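Each chain, written out:
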Amino acid sequence: MSDNKKTASSAETLEIHPGAVSLAAWRRILRQGPKVRLAAGAREAVVACHDAVKQLIGTGRPIYAVNTGFGKLASVRIEDADLTQLQRNLILSHAAGTGELLSDDLVRLIMIMKANALAQGHSGVSWALVETLLALVNADVYPCIPAKGSVGASGDLAPLSHMAAALMGEGTVRHNGRVMPAQEGLALAGLKPMAFGPKEGVALINGTQVSTALALHGLFLVEDVLRAALVTGALSVEACRGNDVPFDVRIQAVRRHKGQQDVAAIFRTLLADSPIRETHRATLKVQDPYCLRCQPQVMGACLDNLRHAGSVLETEANAVSDNPLVFPEDHDVLSGGNFHAEPVAFAADIIALVVCEIGSMSERRQAMLVDSSLSGLPAFLIKNSGLNSGFMIAQVTAAALTSENKMLAHPASVDSIPTSANQEDHVSMACHGAYRLGQMADNAATIIALEWLAAAQGVDFHQPLTASPPLHEAVTRLRRDVPTLDRDRYFATDIAAAKRLVLEGALADINVTPLLDDAA
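If you're wondering where the values come from, they're calculated on a predicted model, not measured in any experiment.

Is there a simple way to explain the sheet that holds strand β7 (residues 178-181) in this structure?
Across a sheet, paired strands are connected by hydrogen bonds in the backbone, their directions being either parallel or antiparallel. Taken together, the 3 strands give an open sheet; going across it, the order is β4-β6-β7, and neighbouring strands pair in antiparallel fashion. Two strands bound the open sheet, and with one partner strand each, they are β4 (141-143) and β7. Put simply, the sheet's adjacent strands are angled 35 degrees from each other on average, direction ignored. Relative to β7, strand β6 (residues 172-175) is paired through 4 bridges, and the arrangement is antiparallel. Pairing of Thr172 across the sheet is with Pro181, part of β7.

Listed below in structure tokens is the structure:
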């Protein structure tokens, strides 16, 4: 699940077609960090739009954020001689972010997403500005962007201002892990500080790219968590000698939901040819608890919603979301509200609900595993219980993380607070709604790691019988790093090892079925 998965393919240049970048490409940009270039023909649209802005300024017409003030100050007219200073002042005053710095991977995603928007020819910037963004990315020079300070309208102003300030030689950047003055970083990339022309500063900071990048990051993390949870969920079915009838294709077909059908198919693959189940088939329960039996319905709903969120975010990542927008063919500039990140806020809230439910159901399976009256396994999954406590407090840890995620799952989009002297009176809260997803996914990864430990321990009690071939592989992979718990030992080390394997994709490698991209 780590976003630091750079491979040999990182060296391959990725060609960006403005407005048509796939979810798979965004994942590659985030996780592999390829060099990027814009497709041939992009320059023409950018130059035409930039020329149109210069012509419109020449008419003397007031154009918001080009020759007027910003927000509540939109009625203040700015003299032509001050237009460059206007853009510079905008960036300096709006670089008011706080909190920890976003990772280089996230900043790279933000910058390429911004270049993708600007290159569509509706933002009025120069071609040199687009080239500068990509030159920094390709030189691995990343502006230092604080994570907090955006309310998700009018765009991610504060964090994007930190990005824009670096292009002017202000603030700091990071290269190979070292923070340095922005001017030094520009020099490393063979660049000089820019003086933004009319419209360029506001085009850089007016947009939803930070919120969208954070939400995409969360989406990909939760996709990985879900893939791992399907494996541990199937392993719990094995450990508890659960019935495989609930995964029958006919049950899913009459419910009709695609996610449910896809999840059940994965379970059928994972559970097929199980020596444990076939040996005990005559004594299987007719109906298992919901945490085993209803996995297609619950995890299928999670998958459907994750796919919906992915579709929304793929659209937003290709959107032009600054303001005002230039339409060169009509010789017009229009002020609107594409910067409002409500679609991203809703998507982030949906992802939060999904990851919360994944962890919640996993925790219930762990509670079942440690309860001998339900699982038929030794109490707390340990021999000589009483002297040994086994998985007693491991399940408590899973419960604690599950409840923390329930708290974090409260919708961010239902909140709003007026800003800019009530000019911007309804905002989306998309940025922190998306930012929390990283923490939630990390909590869920730990919950899944705990289930892996517990379910593998349960399967070990069935020896010499083994789980199905893919699930036996899951147990074998864990046992290379974590031996069976035969007596109490320092448990935190086992949890850390299992979580590391989950984050490295060990379980996703067993469940190789694509979850998002195949549904696009």
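So much for the structure itself; the text now carries on.
It is not clear to me how a nonpolar patch on the surface should be interpreted in this structure. Could you clarify?
Together, Met392, Ile393 and Val396 make up an exposed nonpolar region whose accessible area comes to about 250 Å². Within the secondary structure, Ile393 is located in helix α17 (residues 392-408). In this structure Ile393 comes out as exposed when scored by relative accessible area, which is 51%.

I would appreciate a short explanation of the state of the cysteines in the present structure.
Each disulfide consists of one covalent bond between the sulfur atoms belonging to two cysteines. With the rule as written, the count across this model stands at 0 disulfides. For Cys294, which is in no disulfide, the shortest distance to another cysteine sulfur is to Cys291 and amounts to 9.1 Å.

Mind showing me how you'd approach the nonpolar core here?
In globular proteins that are soluble, nonpolar side chains generally tend to be buried together. One finds Trp26, Leu204, Leu216, Leu219 and Ile358 to be the most contacted residues of the largest nonpolar core, which totals 166 residues. With 19 residues, the single largest contributor to this core is helix α9 (residues 209-239). Dropping the residues within four chain positions of it, Trp26 is found in contact with Val21, Leu109, Ile112, Met113, Asn116, Leu216, Phe220, Ala317 and Asn318. Ala153, Phe339, Ala412 and Val427 belong to the second largest nonpolar core, which has 5 residues in total.

I tried to follow the side chain of Thr212 on my own but got confused; where do I start?
Relative to the elements of secondary structure, Thr212 occurs in helix α9. The class of Thr212 is buried, set by a relative accessible area of 0%. Apart from the residues lying within four places of it in its own chain, the contact partners of Thr212 are Met113, Leu313, Glu316, Ala317 and Val344.

Rules of the game
Residues numbered from 1 in each chain as written. Predicted model: local features only at pLDDT ≥ 70, side-chain atom pairs only at ≥ 80, totals over all residues. Heavy atoms only, no water. Pairing = 2+ DSSP bridges. Helix = DSSP H or I, 4+ residues; strand = E, 2+ residues; numbered from the N terminus. Axes fitted to C-alpha atoms, helices over the stretch in contact; angles between N-to-C directions. Patch = residues over 30% accessible without salt bridge, like charges linked within 9 Å, V, L, I, M, F, W, Y side chains within 5 Å. Areas by Shrake-Rupley, 256 points an atom, 1.4 Å probe, with all protein chains shown as cover. Salt bridge = Lys/Arg side-chain N within 4 Å of Asp/Glu carboxyl O. Buried < 20%, exposed > 50% of the residue type's maximum accessible area, 1.4 Å probe, protein only. Disulfide = S-S within 2.5 Å. Core = buried A, V, L, I, M, F, W, Y, C linked by side-chain atoms within 4.5 Å. Contact = heavy atoms within 4.5 Å.

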